[in-house]
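Letter by letter, the chains look like this.
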Amino acid sequence: MIRAFNLVKRYPGGTTALAEANLEVERGEFVFVTGPSGAGKTTLLRLMLRQELPSSGQIIVNGRNVGALPASKVPELRSTIGVVFQDFKLIRRKTALENVAYVLNVAGLSRSEQKQRAYEALKGVGLNHRLNALPPTLSGGEQQRVAIARAVVTDPELLLADEPTGNLDGELAVEIMRLFREINARGTTVVVATHDKELIHRMKLRTVLLDGGKVVNAGEKPAGQPPAGTAGEPPAGDPAP
Amino acid sequence: MSARTARLRYYLSDAWEEVRHSPGVNILALTTLSAALFVAGLVLLVLANVEGWIGDRRDAVHVDVYLLEPGDAGERASLERTLAQLPGVREVRLVTREQALERYQASFGELAGVPGELESNPFPASFEVALEPGPGAAERAREVVESASGRAGVDEAVFDQGWLDQLEVWLGLARLGGLALALPIFGALVFVMASVLRLAVYARRDEIEIMLLVGATPAFVRGPFLVAGLCQGLLGAVIAVILTEVGRRLLLAYVDPSSLLAQMVAGRPLPWHFAGLLIGVSLAISLTAAFFAVRRDRDGDALLGA
C-alpha cells in the first residue's frame, strides 16, 4: 500500500525533516509511526497525502508515485485516503451529521444518500445519538469520533491519523484506537502517527520508529495481527492486554 | 439524481451558505458593486437621453425661409408651391409675423416684453419647411436652402443644425473618454471585489482545506464561490438599474419635465440595451473578482488558506 524509497524532505532554510527514509506498509496493515518531536512523523504523512512534495526519493501510495503525480491527479489519490487530525478540524457551525455528510458532496451523492451514509458512519463510531449536536457542544472524544466518521464515510483504502489522541485523555485514546482497529478489520490500511508510547505499548501493533528524519526501526508485524479484510480480533474488544 | 445535478445543487446551496456565513463581507462587496454600477448607470442614462434628444432634433429637420416685408401674396403662393414640390419635403407652413412674435414670447418668458419696446413687430414672416425624417434629411434640407435662396420675396433660407453636428462630435469624444475611464475603473472594481471576496474565502479556509483533503478538485471548491459571485453580480446590476430609474424619477419630480435639463438628463428611462450592458459588465466584474479570489496559491496545490 505504501512504499518509501530514500525519501528526503528538506525545507527552505536547511531543516531536514526526512533523511533517506525507507518504509513499506502492506495493504490492510495497522502501523504506528512514532518518534520524538521533529522526527518527521507529520512530514511523512503529509507526503503520503501529497500536501508536500519530496525533495528527493520516492513515495508510492496505492500504486501511485505521489511525488510525480500531476496536480490534476491529486484529488483522485486523496479520494482513496481518509485523514484524521489532532485538532479534529470540524466545521463549527455544522452539526455532527452535516460535518460528515458535507464531504460526500465530492462524490456527487444526493442529499438523502449523504445523510444516510453519514448516519451509518456516525453510528459506526457510536455517535448516532448526537447527530444534531454542534462541535462546540461535543466532548473532545466525541469530536474526534465525528472526525473519524468523516474520514471513513468515503470508504477510503488508507486511513492516516496524525496524533489523533493528542488532545484526549488515556481512556478516550484507547476508545479511539479501538475504532481504528474496527476500521482496519474491515480492510482499510491504517497509519497512525503518535508519540504516545503508553498507547503503542498497549496496542502491541507494528511500530515504525523515526528519529532525525530516518527510520531507525521499521518494526515487525505482530504474529497475531489478522490479514487485511478479516476481523480476526473482535473489533469491539478492549485492545489493552 | 445525476452527479452533474448533484454538483450544481451543491454549488447553489454552498453559495447560499457562503453568503450566510459572511453577510458583512458580502454586503460590502454588493454595496461597492452597486454603487459603482449606479454611477455608471447615471452616466449611461445621460448619454442615452442626450443621444435621444439629438435624434429627436434630427428627426425634426426643417428649413426656415424668411420672407421680405412687405411681401407679395402671389409671390408667396408661388414660392410655397415650389417648396412643397421639392424632394423630401413633408410640409410647408406659413408662420406669420404675429405668430413668430407669439412664439418668441412663449419661449422667452422673461424677455417677452423686449419686442414691445420697439416701434413695430421685428419678426419677419417665414415658411417653415418640414422634411421627411431619416438619413439624408440634412442633405435634402441643404437642397431646399439652395433652391429657396435668391428667389423673389426671400430674404434668407436657414438650415441651422451645425450645432447638432458639433454636439455629436462632443458626445463621441465623451463616449471615448468614458470608455478610457471605464477600463481602469473596471480593473479597480475587480481588485476591490476580489479583495473583499477573498475575505469570504479566508473565512471558510477550514472547509476548503477539508474538501481538498477528501479529494475535491480545486475547480469543485471554487464552484460555490463563482456561483456566489455571479449571483452578486446579477443582484448588484439589478440594484443599480433600479436606483438609476429611481434617481431619474426623483429628478423629474423636482425639475420641470419640459425643461431642457430634464429632457437631456432624464427625459427617457435607461434603454434596455444599456441595462443589459450594465448587467453584462457587472457579471464580468464579479466573475473575474471571484475567480481571482479563489485562485490557486503559487504551489498549485492549495487554495487560499488551505
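Residues numbered from 1 in each chain as written. Chains lettered and ligands numbered in written order. Predicted model: local features only at pLDDT ≥ 70, side-chain atom pairs only at ≥ 80, totals over all residues.

Some thoughts on the overall build of chain A
Under the convention used in this document: Strands here mean DSSP runs of E at least two residues long; helices mean DSSP runs of H or I at least four residues long; both are numbered from the N terminus. Exposure in this text rests on C-beta crowding, where 20 or more other C-beta atoms within 10 Å of a residue's own make it buried, 12 or fewer make it exposed, and counts in between make it partly exposed. The C-beta atoms are placed from the backbone. Contacts are defined on C-beta atoms placed from the backbone: any two residues whose C-beta positions lie within 7 Å are in contact.
Along its length, chain A carries seven helices and 10 strands. Here chain A, with 241 residues, has 45% of them falling under the buried criterion. For chain A, the proportion of contacts with a sequence separation of at least 24, taken over those separated by at least 6, is 67%.

Structural notes on the overall build of chain B
Within chain B one finds 10 helices and four strands. Listing the helices and strands of chain B from first to last along the sequence gives α-α-β-α-β-α-β-α-β-α-α-α-α-α. Of all 306 residues assigned to chain B, the portion counted as buried reaches 30%. The long-range fraction of contacts in chain B, counting pairs at least 24 apart against all pairs at least 6 apart in sequence, stands at 84%.

Here we look at the interface of chain B and chain A
Applied cut-off: Residue polarity is assigned by list, with Asp, Glu, Lys and Arg as charged and Ala, Val, Leu, Ile, Met, Phe, Trp, Tyr, Cys and Pro as nonpolar; anything else, Gly included, falls into the polar class.
Between chain B and chain A, the contact holds 17 residues from the first and 17 residues from the second. Sort the elements by how many residues they give to the side of chain B that touches chain A and helix 7 (residues 205-213) of chain B lands first, with five residues. Residues that form the side of chain B that touches chain A fall into these classes: 10 nonpolar, three polar and four charged.

Thoughts on helix 6 (residues 170-185) of chain A
Each full turn of the α-helix corresponds to 3.6 residues, which orients residues three or four apart in the same direction. Residue and element names in this part refer to chain A. Applicable threshold: The span one expects for a helix is its residue count, reduced by one, times 1.5 Å.
Given a rise of 1.5 Å per residue, 16 residues ought to cover 22 Å, and the 22 Å separating the end C-alpha atoms of helix 6 matches this to within 8%. Those residues of helix 6 that sit buried are Ala173, Ile176, Met177, Leu179, Phe180, Arg181, Glu182, Ile183, Asn184 and Ala185. Close packing links the buried residues of helix 6 with strand 3 (30-34), helix 5 (140-152), strand 7 (158-162), strand 8 (189-193) and helix 7 (197-203). Looking at the residues trailing helix 6, positive phi occurs at Gly187, about 110°.

Comments concerning the sheet that holds strand 4 (residues 154-158) of chain B
Strand pairing in a sheet relies on backbone hydrogen bonds, with the paired strands running either antiparallel or parallel. All names here are of chain B. Applied cut-off: Two strands make a pair as long as DSSP finds a minimum of two bridges between them. Angles run from 0 to 180 degrees between N-to-C directions of axes, and those axes are lines fitted to C-alpha atoms, restricted for helices to the stretch in contact.
Strand order in the open sheet formed by four strands is 2-3-1-4, with antiparallel pairing between adjacent strands. Every other strand in the sheet has two partners, leaving strand 2 (89-95) and strand 4 as the edge strands with one partner each. If you compare each strand with its neighbour and ignore which way they point, the axes differ by 15° on average. With five bridges joining them, strand 1 (residues 62-67) and strand 3 (residues 126-131) adopt antiparallel strand pairing. Among the inter-strand pairings, Val65 is bridged to a residue of strand 3, identified as Phe127. Of the strands in this sheet, strand 1, strand 2, strand 3 and strand 4 are in contact with helix 3 (residues 73-85), which crosses strand 2 at around 160°.

Considerations on the nonpolar core
Rule in force here: Note on terminology: a nonpolar core is a set of buried residues of type Ala, Val, Leu, Ile, Met, Phe, Trp, Tyr or Cys, with members joined through C-beta atoms within 7 Å.
Core analysis: the largest hydrophobic core is formed by 78 residues, its most contacted members being Met48, Val100, Leu122, Ala149 and Leu160 of chain A together with Met211 of chain B. Discounting chain neighbours no more than four positions away, the residues touching Met211 of chain B are Val103 and Val106 of chain A together with Ala216 and Val221 of chain B. One finds Ala29, Leu33, Ala200 and Val294 of chain B within the second-largest nonpolar core, a separate group that totals 34 residues.

Looking at the pairing of strand 1 (residues 2-10) of chain A
Residues and elements named next belong to chain A. In the sheet, strand 1 pairs with strand 2 (residues 16-25) via six bridges, with the strands oriented antiparallel. Residue Lys9 lies in a different strand from strand 2, and its bridge partner there is Leu18. Between the end of strand 1 and the start of strand 2, which pair antiparallel, lie five residues, with Gly13 showing a positive phi angle near 105°. The pairing of strand 1 with strand 4 (residues 56-61) spans five bridges and is classified as antiparallel. When the sheet's bridge partners are listed, Phe5 is paired in strand 4 with Gln58.

Remarks on the pairing of strand 8 of chain A
Residues and elements named next belong to chain A. Going by this rule: Orient the strands so they point away from the viewer, and a crossover whose first-strand-to-second-strand path over the helix runs clockwise is right-handed.
Of all five residues that make up strand 8, five are buried, and the element is covered over most of its length. Side chains of strand 8 alternate between two faces, with Thr189, Val191 and Ala193 and Val190 and Val192 buried alike. Here four bridges tie strand 3 to strand 8, and the two strands are oriented parallel to one another. Looking at the pairing, Val31 lines up with Val191 of strand 8. Across five bridges, strand 7 lies against strand 8 in parallel orientation. Directly across from Leu160, in strand 8, lies its bridge partner Val191. The parallel pair strand 7 and strand 8, bridged by helix 6, forms a crossover whose chirality is right-handed.

Considering the confidence of the model for chain B
Residue and element names in this part refer to chain B. Let me state the cut-off plainly: Each residue carries a pLDDT value, the predictor's own confidence for that position, ranging from 0 to 100.
On average, residues of chain B score 81 in pLDDT, and 90% of them reach the 70 mark or higher. Low pLDDT (under 50) marks residues 297-306, which in the prediction has 25 contacts with non-local residues, meaning those over four places away or in another chain. Confidence metrics for the complex model read pTM 0.67 and ipTM 0.78.

A closer look at the sheet that holds strand 6 (residues 81-85) of chain A
All names here are of chain A. Ordered in space as 6-7-8-3-9-10, the six strands form an open sheet in which the pairing is mixed. Because the sheet does not close on itself, it has two edges, and the strands there are strand 6 and strand 10 (214-217). Pairs of neighbouring strands in the sheet enclose a mean axial angle of 25°, with direction left out of account. In this structure, strand 3 lies alongside strand 9 (residues 206-211), joined through four bridges in parallel fashion. From the neighbouring strand, Phe32 faces strand 9, where its bridge partner is Thr207.

What to know about the packing of helix 1 (residues 3-21) of chain B against helix 8 (residues 218-254) of chain B
Residues and elements named next belong to chain B. Our working definition: Here is the rule for angles: anything less than 35 degrees is roughly parallel, anything more than 145 is roughly antiparallel, 65 through 115 is roughly perpendicular, and the remaining ranges are oblique.
One way to put it is that helix 1 packs onto helix 8 with a least axis distance of 8 Å and a crossing angle of 70°. Judged by the angle between their axes, helix 1 and helix 8 are roughly perpendicular. Facing helix 1, whose interface residues are Tyr11, Leu12, Asp14, Ala15, Glu18 and Val19, helix 8 presents Gly223, Pro224, Phe225, Val227, Ala228 and Cys231. Across the contact of helix 1 with helix 8, the residue classes tally to nine nonpolar, one polar and two charged.

Digging into the packing of helix 5 of chain A against helix 6 of chain A
All names here are of chain A. Quick note on the threshold: Crossing handedness follows the turn of the near helix against the far one: under a right angle anticlockwise gives a left-handed crossing, and clockwise gives a right-handed one.
Running from N to C, helix 5 and helix 6 cross one another at 15°; their axes reach a closest spacing of 10 Å. Considered as vectors, helix 5 and helix 6 are oriented roughly parallel to each other. Helix 5 and helix 6 meet at a crossing whose hand is right-handed. Every residue of helix 6 that contacts helix 5 at Gly140, Gly141, Gln144, Arg145, Ile148 and Val152 is listed here: Leu172, Glu175, Ile176, Leu179 and Ile183. Class assignment of the residues belonging to the contact of helix 5 with helix 6 gives a composition of six nonpolar, three polar and two charged.

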